[in-house]
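In case you want the letters, here they are:
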Amino acid sequence: MSIHNSSSSSLNAERETDLNTAKNNNATDSTTILMTGSTGFIGKEAVKQLGNSEAQLLLLVRSKSKARTALNAYGVTDFSRITYIQGDLSAPGLGLTKADRERALQANIIIHAGGTMDVTLQPKVAEQIFMNGARGMAELAEDIQRTHGLRHFIHVVGFMSPYGRNNSPSISSPNEDAGDKSSGKKSVISKVFHSESAYEHMKFEADRYIRQHAEQHSYVLSVVNPSTIVGPYPTGATEQTGGIGMMIQAMRRRRMPVIPGGQQHWLPLVSNDVVAQTLVFLTQDSNPSGGTYPLLSRKADSPDMKELIRLLAAELDVSAPRWSVPLPMIHAAMKAGGTKISGIPPESIAFITKQEFEVQQTERLFQRMGQKLPEFSELLPYVTADLDYRFSYPSQEDLPQGWTRTRKGSLAVLVHEGEGEPWVIVHGLMSSADDMIPLGDVLWSMMGNPIWLVDLAGFGRSPVHRNKIKGTAFKGQVEAVRSVLDEIQGPVKLVGHSVGAAIAAAVLQESGRENIQLAMLQPVWGAPKDGMQRLISRFPRRMLQGLLSRMTPQQVTGQLKRAEASEINPTLLEGYARRASSGLKSPRIAGANADLLHWIKSHSSDIVPQTSADAQRTLMVWGTNDKGYSRPENIHSSVQRAELPYGHQFPLFQAEEAASLLVEWQMKRR
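Reading guide: rules and limits
- Residues numbered from 1 in each chain as written.
- Predicted model: local features only at pLDDT ≥ 70, side-chain atom pairs only at ≥ 80, totals over all residues.
- Heavy atoms only, no water.
- Helix = DSSP H or I, 4+ residues; strand = E, 2+ residues; numbered from the N terminus.
- Buried < 20%, exposed > 50% of the residue type's maximum accessible area, 1.4 Å probe, protein only.
- Areas by Shrake-Rupley, 256 points an atom, 1.4 Å probe, with all protein chains shown as cover.
- Contact = heavy atoms within 4.5 Å.
- Polar contact = N/O pair within 3.5 Å; in protein donor to acceptor, adjacent residues only side chain to side chain.
- Axes fitted to C-alpha atoms, helices over the stretch in contact; angles between N-to-C directions.
- Parallel < 35°, antiparallel > 145°, perpendicular 65-115°, else oblique.
- Left-handed = near helix turned anticlockwise from the far one by under 90°.
- Nonpolar A, V, L, I, M, F, W, Y, C, P; charged D, E, K, R; others polar.
- Pairing = 2+ DSSP bridges.
- Expected span 1.5 Å × (residues − 1).
- Phe/Tyr/Trp six-rings, centres within 6.5 Å; stacked < 30°, edge-to-face > 60°.
- Lys NZ or Arg CZ within 6 Å of the ring centre and 35° of its normal.
- Core = buried A, V, L, I, M, F, W, Y, C linked by side-chain atoms within 4.5 Å.
- Salt bridge = Lys/Arg side-chain N within 4 Å of Asp/Glu carboxyl O.

Undergrad: I'm lost on the overall build of the protein in this one. Help?
TA: Looking only at helices and strands, one finds 24 helices and 19 strands in the protein. When each of the 670 residues of the protein is scored for burial, the buried share is 58%. When the accessible surface of the protein is split by element, carbon and sulfur atoms take 49% of a total near 28,500 Å².

Structure (structure tokens):
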């Protein structure tokens with residue numbers, strides 16, 4: 001038998017391995033990897049990480065051009081060791097031509113990670129994708145083993161698969177009760193309310209088939225069982241919106257009135273970079289022994305469903321449900337029409353479980369990798385904010401060339417690399433880092449410096465700030481922006497717009513650093529002149545949050561026009577209003593805006609607190625056509641001043657003019 005769960009020989013070999021090194025035994029001969037699923041959520045990260053190895057990659061894809069585009073967008077830049085093989089897992093013989101099949105047979109390692117991530121797949125479609133794919137990949141493995149030897153077959157299959165565990169079902173015949181996770185027989189309630197989807201069932205059958213085939217043909221098989229997958233450290237960017245994303249979608253719409261399962265249940269999670277690291281490490285083993293590796297933490301070290309829902313609710317700025325309901329009852333209610341209310345399919349709760357998983361073999365593997373079992377608590381706020389952002393802006397386009405999303409300090413940041421001192425730009429109300437891209441692009445083209453566009457806490461893709469005490473939202477934003485600047489040791493140019501300028505000024509004051517230069521663009525100090533804004537700013541927080549969430553693009557446009565005495569490009573205005581309205585549909589983003597509106601209303605003093613030294617490094621640019629706010633008058637005499645004939649939003653709508661003033665300011669300082 002070629003797959004081992006706990007053989008004494010593999011255990012002894014692992015004990016003899018140096019646990020302080022993360023390097024595996026390098027293969028003595030050349031490595032050629034045939035891989036399916038290379039454009040999926042796991043696959044793209046694995047290809048990216050394999051770029052640091054010397055392995056040749058044969059990627060089975062349906063479209064070569066689309067695959068290259070997807071990988072390039074993910075950050076893969078070196079394609080010199082990548083060969084595309086056109087095929088289809090659901091087609092007979094994988095849809096391979098004779099020439100492509102010959103290329104595939106050159107591999108000595110197989111990573112089979114392909115298959116559509118869709119828990120709502122119909123049974124026939126699921127069988128075509130997963131069983132046809134399993135049979136086709138097994139045939140290739142058999143031929144490779146017979147001709148020149150298959151070093152390793154690595155299969156990626158969901159963590160709920162019952163195979164490969166102690167007391168698991170036999171692989172010698174199909175397991176009709178694969179969905180029963182606790183015993184060989186289904187309980188009465190499981191028969192009535194069975195929640196296993198065709199997607200899950202066929203993945204489990206593919207697992208069984210490949211295990212059986214590996215035993216029959218004597219090749220080494222490792223089965224990697226990722227739990228529910230989220231985005232990588234440090235951003236948590238989760239493009240796969242199924243799984244936990246369905247739960248987040250229901251909660252942000254306030255359509256989850258109960259806790260699924262309760263305290264005995266949990267939702268295991270793992271990031272795709274950890275899965276990819278595991279795959280890459282296994283490909284580098286020169287003498288693999290095989291095994292089954294559930295990728296998740298221990299249940300005792302993870303939040304139960306009650307705690308997870310509480311954490312998600314805090315991040316999404318919604319009220320957490322108080323009562324738990326058994327999963328079979330929730331599944332039955334969703335089947336009976338509850339899906340229309342919650343907005344999520346009944347299959348989405350299939351990943352919530354009571355089980356504890358056997359992770360001893362995974363722990364030994366991770367010791368060899370120089371790592372511990374995945375710890376997820378730090379990443380959860382960023383995953384939540386990222387998914388919430390994706391649901392808020394479903395038509396979000398790819399970033400312009402040169403920009404990447406990352407994390408600096410505790411905030412999400414857009415970065416454009418460059419030379420010299422970085423510009424750190426902080427947006428204002430009803431905005432995000434994405435809205436500042438035009439200003440960042442112009443600045444970069446004129447100066448070539450690195451540009452960092454910050455999402456304030458609770459805005460864009462940044463989690464809400466940790467300071468939950470009432471009335472401390474502004475302080476929380478200042479602390480969050482300071483955490484970004486802490487990552488820059490040398491001089492920095494800090495730019496803030498609107499209330500972002502007030503936050504930036506407070507950062508300068510509290511940091512005590514003498515290497516920060518500050519530019520305040522249309523800074524907000526004191527209550528607005530607009531009577532309607534003053535009125536709604538007095539509403540209780542939840543009421544104000546609700547009002548903001550219901551703002552239409554037309555209402556956003558009307559508010560901007562009332563506050564601007566100058567004309568705004570209609571196309572730019574329409575696009576901004578549409579984005580602002582979409583963002584405010586998120587309770588998290590609406591709540592962050594409400595908090596800053598409360599601060600503006602209560603902050604009656606228009607005195608900008610600055611020392612003489614800070615003032616000499618500060619520029620204030622004012623748009624004279626702003627009808628919404630008054631110019632701060634009591635600023636230090638050493639602050640340099642400039643004016644533009646525009647309104648409050650000039651950094652967004654007149655980016656070139658704003659950038660030119662900033663560049664001129666820097667030239668004068670030199």
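Undergrad: Looking at this structure, how should I read the environment of M256?
TA: One can find M256 in the loop between α8 (244-252) and β8 (259-260). What M256 contacts, discounting residues up to four positions off in sequence, is M247, A250, M251, I309 and P321.

Undergrad: I keep staring at the side chain of H427 and nothing clicks. Help me out?
TA: Along the polypeptide, H427 turns up in the loop between β14 (423-426) and α14 (437-447). Classification of H427 by relative accessible area gives buried; the value is 0%. Side-chain polar atoms of H427 contact the backbone oxygen of S431, separated by 3.4 Å. Of the polar contacts made by the side chain of H427, one reaches the backbone nitrogen of L456; its length is 3.0 Å. In this view, H427 contacts S432, A433, M436, V454, D455, L456, F459, H497 and G500; residues no more than four positions away in its chain are not counted.

Undergrad: Whenever I open this one, the packing of helix α19 (residues 553-563) against helix α20 (residues 570-584) confuses me. Can you help?
TA: Between two packed helices, both the angle of their axes relative to each other and the distance between the axes serve to describe the pair. Here α19 crosses α20 at 120 degrees, and the two axes come no closer than 8 Å. Comparing the axis directions of α19 and α20 gives the class oblique. For α19 against α20, the interelement crossing comes out right-handed. On the side of α19, the interface is formed by P553, V556, T557, L560 and K561, while α20 contributes L573, Y576, A577, R578, A580 and S581. Per-class residue counts for the contact of α19 with α20 are seven nonpolar, two polar and two charged.

Undergrad: For this particular structure, what's the right way to read the environment of L518?
TA: Assignment of secondary structure puts L518 in strand β17 (residues 516-521). Separated by 102 residues in the primary sequence, L518 and M620 have C-alpha atoms spaced 8.5 Å apart. Apart from residues no more than four positions distant in its own chain, L518 is found in contact with L494, A504, A505, L508, Q610, R617, T618, L619 and W665.

Undergrad: What's the story with the sheet that holds strand β4 (residues 109-112) in this structure? I'm lost.
TA: Hydrogen bonds along the backbone pair up the strands of a sheet, which may run parallel or antiparallel. Taken in spatial order, the seven strands of this open sheet run β3-β2-β1-β4-β5-β6-β10, and their pairing is parallel. What marks the edges here is a single partner per strand, and that holds for β3 (82-86) and β10 (291-295). On average, each strand axis in the sheet is inclined to that of its neighbour by 15 degrees, with strand direction left out of account. In this sheet, β4 lies alongside strand β1 (residues 32-36) in parallel orientation, the contact comprising four bridges. Bridge assignment links T36 to a residue of β4, and that residue is H112.

Undergrad: Where do I start with the sheet that holds strand β15 (residues 451-454) in this structure?
TA: Taking strand neighbours across the sheet as the criterion, the eight strands line up as β12-β13-β15-β14-β16-β17-β18-β19 in an open arrangement whose pairing is mixed. Edge strands, defined here as strands with exactly one partner in the open sheet, are β12 (403-408) and β19 (640-644). Across the sheet, the mean angle separating the axes of adjacent strands is 20 degrees when strand polarity is ignored. Across six bridges, the pairing between strand β16 (residues 492-497) and β17 is parallel. Note that in β17 the partner of V495 across the bridge is A519.

Undergrad: Just checking my understanding: could you explain the side chain of D100 for this structure?
TA: If you trace the backbone, D100 turns up in helix α4 (residues 98-104). Apart from the residues lying within four places of it in its own chain, the contact partners of D100 are I85 and Q86.

Undergrad: For this particular structure, what's the right way to read helix α7 (residues 198-217)?
TA: Given 3.6 residues per turn, any residue in an α-helix points the same way as the ones three and four places further on. Over its 20 residues, α7 runs 28 Å from end to end, which matches the ideal 28 Å to within 8%, given 1.5 Å per residue. In the segment just after α7, S218 is the residue with positive phi, at about 60 degrees.

Undergrad: Is there a simple way to explain the packing of aromatic side chains in this structure?
TA: A ring pair, where both rings are aromatic, is described by two values, the distance of the centres and the angle of the planes. Inspection of the entire model under this criterion finds six aromatic pairs. Of the aromatic side chains, those joined through ring pairs into one cluster are F159, W266 and F357. The ring of F79 has R68 sitting right over it, with the charged end atom 4.0 Å from the ring centre. Here the guanidinium or amino end of R407 rests over the ring plane of Y382, the centre of that ring lying 3.9 Å away.

Undergrad: Hey, could you run me through the pairing of strand β6 (residues 221-226) in this one?
TA: Each regular strand shows side chains that alternate between the opposite faces of the sheet. Burial runs high along β6: six of the six residues are buried. Residues L221, V223 and N225 point to one face of β6 and S222, V224 and P226 to the other, with burial holding for every one of them. As defined by bridge partners, strand β5 (residues 152-156) adjoins β6 across four bridges and the pair is classed as parallel. Paired with I154 across the two strands is S222, which belongs to β6. Direction of pairing for β6 relative to β10: parallel, over a ladder of five bridges. Bridge pairing links V224 to Y293 in β10.

Undergrad: Help me understand the nonpolar core, please; the structure alone is not making it clear to me.
TA: Note on soluble globular proteins: their nonpolar side chains tend to be buried together. Counting 91 residues, the largest nonpolar core has V424, L453, L494 and L662 as the members making the most contacts within it. Ranked by residue count, the leading element in this core is helix α16 (residues 499-511), at nine residues. When residues no more than four places from it in sequence are discounted, the contact partners of L662 are W423, L443, V495, A519, L521 and L619. Core analysis: the second largest hydrophobic core is formed by 73 residues, L150, V318, I352 and F357 among them.

Undergrad: So what exactly am I meant to see when it comes to α8 here?
TA: Counting buried residues in α8 gives nine out of nine residues, a clear majority hidden from the surface. Along α8, the residues classified as buried are I244, G245, M246, M247, I248, Q249, A250, M251 and R252. Positive backbone phi, at 60 degrees, marks R254, one or two positions downstream of α8.

Undergrad: I'm lost on the pattern of salt bridges in this one. Help?
TA: Oppositely charged side chains may form a pair once their charged atoms are brought near each other. Inspection of every chain in the model, using the stated rule, returns 24 salt bridges. Across the pair K668 and E664 runs a salt bridge, and its minimum N-O distance is 3.4 Å. Of this pair, K668 and E664 are both found in helix α24 (residues 655-669), four residues apart, which corresponds to roughly one turn of the helix. Judged by its relative accessible area of 57%, K668 falls in the exposed class. Judged by relative accessible area, which is 39%, E664 ranks as partly exposed.

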